[in-house]
Amino acid sequence: MTTIKTIFDLHEGIKFESSARSRFGSLWKPEDGIILYPPNGNARDYITLLKITVPDIPLILCDDARSPMETVSGLRAHTVSEAASILPHALFVLCATGDKASELFAHVAPQLSATQINNMITFRQIGEFLPVGDRKTRAFDVYRKTFLAASSRNRKKVEAAFNLFEDPLSQAVFCAILKRYLLCSDTLMPVSVSREYFEDVYTLLPDEVFVDCGAYSGDTLRDFLEVGGRLKEYHAFEPDPGNFSQLSAYAEALPTDFRGKIHLHQNAVGHERATIFFDAAGTMGSMVNPDGTTSVESVTLDEALCGVKPTLMKFDIEGYEAFALQGGRQIIQNARPVLALCVYHHPFDLWELPLMVKSMVGDYRFFLRAYQEQFSYTCYCVPVERLNQKHV
């Protein structure tokens, strides 16, 4: 707990520096726009998020090459000089961190004006410039310095959640995430080399009943099979029509003896049966959004899996995890599956989701692992009877 207290004390000392202007020295306004460089995977993810959350902000992608111009998420890449002339007062966002960001900064700075150099940030800092608490910008909360964890209402919850994680690696990951949230720190993150969702904190059964919430294109099922997992049943929930089509194609291509074990559900999972709106981007970033243009049917796991006894459940549903847990409370309590929960879509997921599971099944053990430095943090909630022997 001393480490957690130290982080909170450090945050207390800087909490009054609350505006991006005071921290970054920038006079940027949303109408000045955003330039992202270069067109890599981080740029792709952020273009998707920006189009969803702040669609009115001018947005340009840029690259060094003149021809052919790359297109990422429907956005054509301009040269750096073209982008700088089109949006002369934009935030210039380097889609990298650490040494790579410094290398990119040195490379691109000679092509920019003094204003654009002054407005240069890394992609993790975009959220600092967006309105705090704005419903539409909640997707960026995970990347901005947030006061949620240090509020008097939440600090006790943060400490209680930290105490659920008993092994040193989980505690180190928890502290690193908390530093990123509270201190805007690029502290070293201990990243796991295992396959996400299949960490060795639990043992795989020879006849898993695997429930995959946020099945995307079948990538998690593919990983499960590659790590030697064996199925009795597989239930996949994927509401995005494009993703579901890819998932169906992957399932159809599996050996014949798998066919009867695979059950695909083109639904979102939540706390009630309802029609909800969704951003169907055909990507990993597809998410529930009240302003989305696609309507999908949401179901509860308790209802959709009536008669099924899951042994392993994965949740990666872009911030809707708490709702899905609420709608699966009964089946979790009765079947006692291993849970693999993404806890990075909202900053409060780090503490709220483990505490929620603890309230359902009090004798579970909890582990936290990181799979990327900036995000992909997974909480494993493991019944004692499924623990890997080294954690017993």
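We now turn to the structure provided with this report.

The rules behind each value
Counting of residues starts from 1 at the beginning of each chain's written sequence and follows it residue by residue. Under the rules for a predicted model, residues below a pLDDT of 70 receive no local features and side-chain atom pairs below 80 are neither given nor counted, while totals for whole chains, interfaces and linings still include all residues. Heavy atoms throughout the structure, all of them, feed into the side-chain values; hydrogens and water do not. Secondary structure is summarised from DSSP: a helix means a run of H or I of at least four residues, a strand means a run of E of at least two, and numbering begins at the N terminus for each. A simple rule labels every residue: compare its accessible area, found with a 1.4 Å probe on the protein chains alone, to the largest value its type can have, and call it buried under 20%, exposed over 50%, or partly exposed in between. Only heavy atoms matter for contacts: two residues are in contact if any of them lie within 4.5 Å across the pair. Only the protein chains shown count as cover for residues, and the accessible areas themselves come from Shrake-Rupley with a 1.4 Å probe. Residues enter a nonpolar core if they are buried and are Ala, Val, Leu, Ile, Met, Phe, Trp, Tyr or Cys, with the set joined through side-chain atoms within 4.5 Å. Strand pairing follows a simple DSSP-based rule, namely that at least 2 bridges must link the two strands. Here, expected helix span is obtained from the residue count minus one, scaled by 1.5 Å. Any Phe, Tyr or Trp ring, taking Trp's six-membered ring, that has another such ring centre within 6.5 Å forms a pair; planes under 30 degrees apart are called stacked, those over 60 apart edge-to-face, and the others tilted. Each ring is checked for a lysine NZ or an arginine CZ that lies within 6 Å of its centre and within 35 degrees of its normal; such an atom marks a charge sitting over the ring. Whether a crossover is right-handed comes down to one check: with the strands pointing away from the viewer, does the path from the first strand over the helix to the second run clockwise; if it does, it is right-handed. Whenever a helix is involved, its axis is fitted only over the stretch in contact; in every case the axis is a line through C-alpha atoms, and angles between N-to-C directions fall within 0 to 180 degrees. Each crossing gets its handedness from the near helix: less than a right angle anticlockwise from the far helix is left-handed, clockwise is right-handed. Ten residue types, Ala, Val, Leu, Ile, Met, Phe, Trp, Tyr, Cys and Pro, are classed as nonpolar, four, Asp, Glu, Lys and Arg, as charged, and the remainder, Gly among them, as polar. The term salt bridge refers to a side-chain nitrogen of Lys or Arg lying within 4 Å of a carboxyl oxygen of Asp or Glu.

Some points on the overall build of the protein
Phase 1 of the analysis: A count of helical and extended segments in the protein gives 14 helices and 17 strands.
Phase 2 of the analysis: Looking at the protein as a whole, 55% of its 392 residues qualify as buried.
Phase 3 of the analysis: Of the contacts made within the protein by residues no fewer than 6 positions apart, 70% connect residues no fewer than 24 positions apart.
Phase 4 of the analysis: Surface exposure of the protein reaches about 16,800 Å², of which carbon and sulfur atoms provide 52%.

Observations concerning the nonpolar core
Phase 1 of the analysis: By size, the foremost hydrophobic cluster in this structure holds 80 residues, and its most contacted members are Phe174, Leu301, Phe315, Leu325, Leu341, Val357 and Leu368.
Phase 2 of the analysis: Sorting elements by how many residues they give to this core places helix α8 (residues 168-183) first, with eight residues.
Phase 3 of the analysis: Residues within four places of leucine 301 in sequence aside, it is in contact with Val211, Cys213, Phe237, Val269, Cys306, Met313, Phe315, Ala324, Gly327, Gly328 and Ile331.

Some remarks on the pairing of strand β14 (residues 312-315)
Phase 1 of the analysis: A two-sided burial pattern is seen for β14, the buried positions comprising Leu312 and Lys314 on one face and Met313 and Phe315 on the other.
Phase 2 of the analysis: Pairing geometry for strand β7 (residues 208-213) and β14, over four bridges, is parallel. Within β14, the position partnered with aspartate 212 by the bridge is lysine 314.
Phase 3 of the analysis: In terms of strand pairing, β14 meets strand β15 (residues 338-342) through four bridges, oriented parallel. Across the sheet, methionine 313 pairs through a bridge with leucine 339, a residue of β15.

Examining unusual backbone geometry
Phase 1 of the analysis: In this chain, tyrosine 37 is followed by proline 38 through a cis amide linkage whose omega measures -10°.
Phase 2 of the analysis: We note that arginine 336 has phi near 55°; this positive angle belongs to a residue other than glycine.

Notes on α8
Phase 1 of the analysis: In this model, α8 (16 residues) spans 22 Å end to end at C-alpha, consistent with the 22 Å of a helix rising 1.5 Å per residue.
Phase 2 of the analysis: Looking at α8, one finds that the buried residues are Ser170, Val173, Phe174, Cys175, Ala176, Ile177, Leu178, Arg180, Tyr181 and Leu182.

Observations regarding the packing of aromatic side chains
Phase 1 of the analysis: One pass over the structure, following the stated rule, counts 12 aromatic pairs.
Phase 2 of the analysis: When the ring of tyrosine 37 is compared with that of phenylalanine 92, the centres are 6.0 Å apart and the planes differ by 45°; the resulting orientation is tilted. On the criterion of sequence distance, the pair formed by tyrosine 37 in strand β1 (residues 34-37) and phenylalanine 92 in strand β5 (residues 91-94) is long-range, its members being 55 residues apart. Each member of the pair, tyrosine 37 as well as phenylalanine 92, carries the same accessibility label: buried.
Phase 3 of the analysis: The residue whose ring lies beneath arginine 222 is tyrosine 250, and the NZ or CZ to ring-centre distance is 4.5 Å.
Phase 4 of the analysis: In this structure, lysine 261 packs its charged tip against the face of phenylalanine 258, placed 5.7 Å from the ring centre.

Some points on the pairing of strand β8 (residues 231-237)
Every other side chain in a regular strand lies on the same face of the sheet, so the side chains alternate between the two faces.
Phase 1 of the analysis: Within β8, five of the seven residues are buried, leaving the element largely enclosed by the surrounding structure.
Phase 2 of the analysis: By the bridge criterion, six bridges tie β7 to β8 in an arrangement that is parallel. Note that in β8 the partner of valine 211 across the bridge is histidine 235.
Phase 3 of the analysis: Following the backbone out of β7, through helix α9 (residues 219-226) and into the adjacent parallel β8, one traces a crossover that is right-handed.

Side note on the sheet that holds β7
Phase 1 of the analysis: The strand order across the open sheet built from seven strands is β9-β8-β7-β14-β15-β17-β16, with neighbouring strands paired in mixed fashion. The open sheet has two edge strands, β9 (262-265) and β16 (365-370), and neither has a second partner. Adjacent strand axes in the sheet meet at a mean angle of 15°, parallel and antiparallel pairs treated alike.
Phase 2 of the analysis: The sheet contact formed by β16 and strand β17 (residues 377-382) spans six bridges and is antiparallel. Its bridge partner lying in β17, arginine 365 is registered against valine 382.
Phase 3 of the analysis: In the packing of helix α10 (residues 241-252) onto the sheet, contacts are made with β8 and β9, and the angle to β9 comes to roughly 170°.

Focus on the environment of serine 26
Phase 1 of the analysis: In this fold, serine 26 is placed in the loop between α2 (20-24) and β1.
Phase 2 of the analysis: A residue is classified by how much of its surface remains accessible, and serine 26, at 2% relative accessible area, is buried.
Phase 3 of the analysis: Separated by 93 residues in the primary sequence, serine 26 and asparagine 119 have C-alpha atoms spaced 5.8 Å apart.

Regarding the packing of helix α7 (residues 152-164) against helix α14 (residues 349-360)
Describing two packed helices takes the angle between their axes plus the distance from one axis to the other.
Phase 1 of the analysis: In the contact formed by α7 and α14, the axes pass within 9 Å of each other and the chain directions differ by 65°. The hand of the α7/α14 crossing is left-handed. Counting all contacts with α7, which are made through Asn154, Lys157, Val158, Ala160, Ala161 and Leu164, the residues of α14 involved are Leu350, Trp351, Glu352, Pro354, Leu355 and Lys358.
Phase 2 of the analysis: Here the residues of the contact of α7 with α14 sort into eight nonpolar, one polar and three charged.

Focus on the pattern of salt bridges
Phase 1 of the analysis: Scanning all chains against the criterion turns up 15 salt bridges.
Phase 2 of the analysis: When the shortest N-O distance is used, the salt bridge between glutamate 166 and arginine 365 registers 3.7 Å. Taken together, the residues span a long stretch of sequence, with glutamate 166 in the loop between α7 and α8 and arginine 365 in strand β16 at a distance of 199 residues.
Phase 3 of the analysis: Relative accessible area serves as the criterion here: at 52%, glutamate 166 is assigned to the exposed category.
Phase 4 of the analysis: Note that lysine 390 is salt-bridged to aspartate 200, the shortest N-O span being 2.7 Å.

So, to be careful, I would describe these as geometric facts and stop short of saying anything about function.
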